[in-house]
Amino acid sequence: MQDWTGVAGKRVIITGATRGIGLAAACELARRDARLSIVARSESRAGAAVTRITAAGGAGTEVQVLDADLSSQASVRTLAAEILAGHPRIDVLINNAGAIYGSRQLTVDGLELTWAVNHLAPFLLTNLLLERIRASAPARIITTSSGAHHGAHVPFDDMNAERGYRGRGFGRYGETKLANILFTVELARRLEGTGVTANCFHPGFVASGFNRNNGGLMAFGMSLARPFARSPEKGADTLVWLADSAEVSAESGGYFANRRRSMPSAAAQDLAVARRLWEVSEEQTGARAATAP
Ligand SMILES: NC(=O)c1ccc[n+]([C@@H]2O[C@H](COP(=O)([O-])OP(=O)(O)OC[C@H]3O[C@@H](n4cnc5c(N)ncnc54)[C@H](OP(=O)(O)O)[C@@H]3O)[C@@H](O)[C@H]2O)c1
């Protein structure tokens, strides 16, 4: 198998690149000559992002926009079909889109929205693309998790948060970010020996569009916290490093922060839970993995 030579000339698919950490990462990856496909649900925000990314990448930068609302499984399936039709290779898949919702909402599939966007969308998209990613080895799958996973558990007895929307959304958000790590752990195990790595990371507390969708009070709170937050560029640094650097070629199943492999919570290291979550997620999405169980 070939050595990793960085993202230059490679097909990189990234979700959540219309703002915040994902946009900063896309700009830096364009600077490093990656061939980018960004997933976006809004034409106008996608257009603004493309302008920023092409300005960062300079002459010759081409950015493909893939239209999808990650809260809908039909939309994720259409997205995957479009990627597979358009790209014989997928070198890097970055599952970065995510959000927190202050009140419980259901998706068109009848699933709780935070879980659907933050965990099930990356799970489904990755599985639908997995055969192509495996055929593109060496290849990388990176998922944006969070330190907010600390203290969370996977609510196997209440997957749709019907018995209570935990912590005004913060508790629920933590469950989804824990799921990002457990997904990465189990994915890495299933991909052992294939040349495809799976890692996740915590970007730090970042001044982005995060939690600005939950009313004036939350947006005001985020503004107050802004002086203590990192820039999106700093938040994207570990993501870009995980995508680009040859240093991490042998790393898989890791949780990173500040370019260091870090120890997630005990709940995030439970292999039996990771396996069970995978099976439940297959049921929730109807996805069957192109990996050994
Ligand atoms: N900010 C932090 O302090 C922090 C800390 C730890 C982890 N994180 C994680 O970092 C990741 C990026 O967040 P951010 O801070 O950069 O927040 P952000 O500025 O709000 O960006 C979130 C991105 O996700 C996209 N997105 C959300 N829901 C979507 C949907 N249904 N379909 C398609 N795209 C959707 C947004 O698209 P639109 O432009 O269309 O809304 C946007 O591009 C998330 O996974 C978050 O959990 C953030």
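Residues numbered from 1 in each chain as written. Predicted model: local features only at pLDDT ≥ 70, side-chain atom pairs only at ≥ 80, totals over all residues. Heavy atoms only, no water.

A. Up close: the nonpolar core. By size, the foremost hydrophobic cluster in this structure holds 34 residues, and its most contacted members are Val12, Leu29, Leu36, Ile38, Ile53, Ile94 and Ile142. Looking at this core, the elements with two or more residues in it are β1 (11–15), α1 (20–31), β2 (35–40), α2 (43–57), β4 (92–95) and α7 (232–244). Top contributing element to this core by residue count: α1, with eight residues. Residues within four places of Ile94 in sequence aside, it is in contact with Val12, Ile13, Ile14, Thr15, Leu29, Ile142 and Leu239. (Core = buried A, V, L, I, M, F, W, Y, C linked by side-chain atoms within 4.5 Å. Buried < 20%, exposed > 50% of the residue type's maximum accessible area, 1.4 Å probe, protein only. Helix = DSSP H or I, 4+ residues; strand = E, 2+ residues; numbered from the N terminus. Contact = heavy atoms within 4.5 Å.)

B. Quick look at a negative patch on the surface. A contiguous patch of negative charge on the surface is contributed by Glu43, Asp67, Asp69 and Glu82. Considering the arrangement of structural elements, one finds Asp69 in the loop between β3 (63–67) and α3 (73–86). (Patch = residues over 30% accessible without salt bridge, like charges linked within 9 Å, V, L, I, M, F, W, Y side chains within 5 Å. Areas by Shrake-Rupley, 256 points an atom, 1.4 Å probe, with all protein chains shown as cover. Salt bridge = Lys/Arg side-chain N within 4 Å of Asp/Glu carboxyl O. Lys, Arg positive; Asp, Glu negative; His and termini not counted. Charge placed at Lys NZ, Arg CZ, Asp CG, Glu CD.)

C. Molecular detail of α3. If you check α3, its first and last C-alpha atoms are 20 Å apart, about what 14 residues at 1.5 Å a residue would give, namely 20 Å. Residues Gln73, Ser75, Val76, Leu79, Ala80 and Ile83 constitute the buried set of α3. Down the axis of α3, the smallest arc covering the buried residues is 155°, so these residues share one side. What points out from α3, more than 90 degrees from its buried face, is the exposed set Thr78 and Ala85. (Expected span 1.5 Å × (residues − 1). Arc of directions from axis to C-beta.)

D. Broad picture of the pattern of salt bridges. This structure, assessed with the given rule, holds 11 salt bridges. Here Glu28 and Arg31 are joined by a salt bridge, their closest N and O atoms 2.6 Å apart. Separated by three residues within a single helix, Glu28 and Arg31 lie in helix α1, roughly one turn from each other. Between Arg259 and Asp237 there is a salt bridge, and its shortest N-O distance comes to 2.8 Å. Pair noted here: Arg259 is in the loop between β7 (255–257) and β8 (260–262) and Asp237 is in helix α7, with a separation of 22 residues, a long-range link.

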